[in-house]
Amino acid sequence: MVQDADVIILGAGAAGIAAARRLSGAGLSVTILEALPRSGGRAYTSLAAGLRLDLGCGWLHSADRNPWTEIAVEAGLSVDRSPPAWGTQFRNLGFSPPEQQAARGAYAAWYQRISERSPESDSASDALEDGEWTGYIEALSGFTSGDGLERISVRDYLSYDEASSHIDYRIREGYGTLVSSAIPAKAELFLATPVEAVSVADRKVGLTTAFGTINAERVVVTCSTNILAGDTIRWPSGLDPWRNAAASLPLGYNEKLFLEVSGSSPFEAKTLVLGDPRDARTGAYYIRPFGWPVIECFLGGASAKEAVDAGPDIAFAGAIGELAHLFGFEVRNNLRPLVCSNWTSTPSVGGAYSHALPGQSDARRQLARSFDGRIFFAGEATDPRDFSTAHGAFQSGLRAADEVLSSVHA
């Protein structure tokens, strides 16, 4: 039976775990309620074919200042610091060196335009110029933001990119394994316990679940923006400004597929290819990460939405088709569908990570404000620089916990 607590945290992802670590260490009773039957949130390591495969976040971005890097080392996990294969095309397949130079030049010109002459609309698509490589730029937007450029705030896009150190590491045991293992022993964790309603009365916050109503003096909300803005949970009307801010920071479409590689094949370890660099719907294929016999397929924006709408069988077939086009028809015999994500259709998540709609980048600051000294907000969408990352979520959890502690001391 879930008992009342000093602080209840909604969500056992990176933000909720960070808040729990800080608050339980300060002597408060802390309860974490998680809708999923597992912890980690959008950090999820799936065991398939004897391998630990990250179906959610998989890279320690800005790893030189990412707090998860130190936590991983302290936990004895294996941190792979070798340079990633980003920005390469294995053997220039389907993407000749002159074409790569032209595509990167087109992206650099677009980036310069948004940096120096940001459109009044704040829409990233308004800085596009018609050309052969528009699809390439839109594909990159899909991978990084999960949506089309017409729905991306330039100011938001630039604030993330300028904050990034562009240093990426990986965890051999899985990012999801790392996040889940960081839950503090002093915090009570209840899995498969979705919250149905939140109410505020008599200086208490009530959380309605299938197991009854739980009360706390303070609550830290770390659920995704799509959940906060949606109707999965009934929220008090006083939170309408926060829900409106969340609606301005929707989750994008990003999904992953893993293909198992068997037999003798041309797939070399730790290499990467884009399926069709001219197509905004292309996939990006990280070949044999850690030397494992798998191909990690990244889908973003239009390609991820199509995968969700059409289903996994069509998505796997599309990925195998793009790889066969580059490597030869015969590689179809070497590839087998293994496992895939479905973040968009996960009821307690509803998508990948947040991006600000044009003109709405300030919504992140609104969302990070506390309500009445009793409800506090954390999660990647509330971090002004490192949104869409597990370390941004972690930092936001610490920030929210500090706000809770300040209110307690006051």
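In what follows, the structure referred to is the one given above.
Each value, and the rule that gives it
Residues numbered from 1 in each chain as written. Predicted model: local features only at pLDDT ≥ 70, side-chain atom pairs only at ≥ 80, totals over all residues. Heavy atoms only, no water. Helix = DSSP H or I, 4+ residues; strand = E, 2+ residues; numbered from the N terminus. Rg over C-alpha atoms; globule rule 2.2 N^0.38 Å. Buried < 20%, exposed > 50% of the residue type's maximum accessible area, 1.4 Å probe, protein only. Contact = heavy atoms within 4.5 Å. Areas by Shrake-Rupley, 256 points an atom, 1.4 Å probe, with all protein chains shown as cover. Pairing = 2+ DSSP bridges. Axes fitted to C-alpha atoms, helices over the stretch in contact; angles between N-to-C directions. Phe/Tyr/Trp six-rings, centres within 6.5 Å; stacked < 30°, edge-to-face > 60°. Lys NZ or Arg CZ within 6 Å of the ring centre and 35° of its normal. Parallel < 35°, antiparallel > 145°, perpendicular 65-115°, else oblique. Left-handed = near helix turned anticlockwise from the far one by under 90°. Nonpolar A, V, L, I, M, F, W, Y, C, P; charged D, E, K, R; others polar. Core = buried A, V, L, I, M, F, W, Y, C linked by side-chain atoms within 4.5 Å. Salt bridge = Lys/Arg side-chain N within 4 Å of Asp/Glu carboxyl O. Polar contact = N/O pair within 3.5 Å; in protein donor to acceptor, adjacent residues only side chain to side chain. Disulfide = S-S within 2.5 Å.

**Looking at the overall build of the protein**
Then comes step 1: Regarding its fold elements, the protein presents twelve helices and 16 strands.
Then comes step 2: Whereas a compact globule of 410 residues would reach a radius of gyration of roughly 22 Å, the protein reaches 21 Å, a difference of no more than 12%.
Then comes step 3: Counting only C-alpha atoms and orienting by the principal axes, one finds that the protein spans roughly 65 × 50 × 40 Å.
Then comes step 4: Within the protein, buried positions represent 55% of all 410 residues.
Then comes step 5: If you take every contact in the protein between residues at least 6 apart in sequence, the share linking residues at least 24 apart comes to 73%.
Then comes step 6: For the protein, the accessible area works out to roughly 16800 Å², and carbon and sulfur atoms hold 50% of it.

**Some thoughts on the sheet that holds strand E14 (residues 294-300)**
Then comes step 1: Ordered in space as E12-E13-E14-E11-E15, the five strands form an open sheet in which the pairing is antiparallel. Across the chains shown, the open sheet's two edge strands, defined by having one partner strand only, are strand E12 (271-274) and strand E15 (335-340). Within this sheet the neighbouring strands show an average axis-to-axis angle of 25°, counted without direction.
Then comes step 2: Against the sheet, helix H4 (residues 134-145) contacts strand E11 (254-261), E12, strand E13 (284-287) and E14, and its axis sits at roughly 100° relative to E14.

**Re the packing of aromatic side chains**
Then comes step 1: One pass over the structure, following the stated rule, counts 17 aromatic pairs.
Then comes step 2: Pairing Trp86 with Phe298 gives two aromatic rings, centres 6.2 Å apart and planes at 70°, and the pair type is edge-to-face. With Trp86 in the loop between strand E5 (79-80) and helix H3 (97-116) and Phe298 in strand E14, the pair connects residues that are 212 residues apart, well separated along the chain.
Then comes step 3: Aromatic rings pair up to connect Trp59, Trp86, Tyr286 and Phe298 into one cluster.
Then comes step 4: The ring centre of Tyr44 lies 4.0 Å from the NZ or CZ of Arg38, which sits over that ring.
Then comes step 5: Sitting over the ring of Tyr286, Arg170 keeps its end group 5.6 Å from the ring centre.

**Observations concerning the side chain of Thr69**
Then comes step 1: Assignment of secondary structure puts Thr69 in helix H2 (residues 67-74).
Then comes step 2: Apart from the residues lying within four places of it in its own chain, the contact partners of Thr69 are Leu60, Ala63, Arg81 and Tyr169.

**Remarks on the packing of helix H1 (residues 14-24) against helix H12 (residues 390-409)**
The relative placement of two packed helices comes down to the angle between their axes together with the axis-to-axis distance.
Then comes step 1: Two elements in contact, H1 and H12, have axes separated by 7 Å at closest approach and are oriented at 40°. Here H12 runs oblique to H1, going by the angle between their axes. Two packed elements cross with a definite hand, and for H1 against H12 that hand is right-handed. Of the residues in H12, those touching H1 at Ala14, Ala15, Ala18, Ala19, Arg21, Arg22 and Leu23 are Ala390, Ala393, Phe394, Ser396, Gly397, Leu398, Ala401, Asp402, Val404 and Leu405.
Then comes step 2: For the contact of H1 with H12, the class distribution of residues is twelve nonpolar, two polar and three charged.

**Topic: the environment of Ala103**
Then comes step 1: Counting through the fold element by element, Ala103 comes out in helix H3.
Then comes step 2: Setting aside anything within four residues of it in sequence, one finds Ala103 in contact with Phe95, Trp133 and Tyr136.

**Here's the deal with the nonpolar core**
Then comes step 1: One finds Ile9, Leu23, Leu60, Trp68, Leu178 and Val220 to be the most contacted residues of the largest nonpolar core, which totals 40 residues.
Then comes step 2: Ranked by the residues each element gives to this core, the list is headed by H12, at eight residues.
Then comes step 3: Leu60 has contacts with Asn66, Trp68, Thr69, Val79, Ile167, Asp168, Tyr169, Ile171, Tyr175 and Leu178, leaving out every residue within four places of it along the chain.
Then comes step 4: Judged by nonpolar contacts, the second largest core, of 30 residues, contains Ile8, Leu10, Leu249 and Ala356.

**Some details on the pattern of salt bridges**
Then comes step 1: Tallied over the entire structure, the rule returns 23 salt bridges.
Then comes step 2: With a shortest N-O distance of 2.9 Å, Glu268 and Arg91 are connected by a salt bridge. Here the residue Glu268 occupies a position in the loop between E11 and E12, and Arg91 occupies one in the loop between E5 and H3, the gap between them amounting to 177 residues.
Then comes step 3: In this structure, the salt-bridge partner of Arg281 is Asp279, at a minimum N-O distance of 3.3 Å.
Then comes step 4: We classify Arg281 as partly exposed; its relative accessible area is 45%.

**Some remarks on the side chain of Thr45**
Then comes step 1: Tracing the chain through its elements places Thr45 in strand E3 (residues 45-48).
Then comes step 2: Looking at Thr45, its side chain comes within polar contact range of the main-chain nitrogen of Gly176, at 2.9 Å.
Then comes step 3: Polar contacts involving the side chain of Thr45 include one to the main-chain amide nitrogen of Thr177, which spans 3.1 Å.
Then comes step 4: The residues contacting Thr45, other than those within four sequence positions of it, are Arg52, Leu53, Asp54, Glu173, Gly174, Tyr175, Gly176 and Thr177.

**Overview of the packing of H2 against H12**
Then comes step 1: As a packed pair, H2 and H12 sit with axes 8 Å apart at the nearest point and diverge in direction by 90°. On the basis of their axis angle, the class for H2 and H12 is roughly perpendicular. Residues Pro67, Trp68 and Ile71 of H2 lie in contact with H12, whose contacting residues are Ala390, His391, Phe394 and Gln395.
Then comes step 2: When grouped by side-chain class, the residues that make up the contact of H2 with H12 number five nonpolar, two polar and no charged.

**Side note on the pairing of E3**
Then comes step 1: One ladder, built from four bridges, connects E3 with strand E4 (residues 51-54); its direction is antiparallel. Looking across to E4, one finds that Ala48 is bridged to Leu51.
Then comes step 2: As consecutive antiparallel partners, E3 and E4 are separated by two residues, and within that stretch Ala49 has a phi angle of approximately 55°, a positive value.

**What to know about the state of the cysteines**
Then comes step 1: A full pass over the atoms with the stated rule returns zero disulfides.
Then comes step 2: There is no disulfide at Cys57, and the cysteine sulfur nearest it, in Cys340, is 17 Å away.
Then comes step 3: Not part of a disulfide, Cys297 finds its nearest cysteine sulfur in Cys340, a span of 10 Å.
Then comes step 4: We classify Cys297 as buried; its relative accessible area is 0%.

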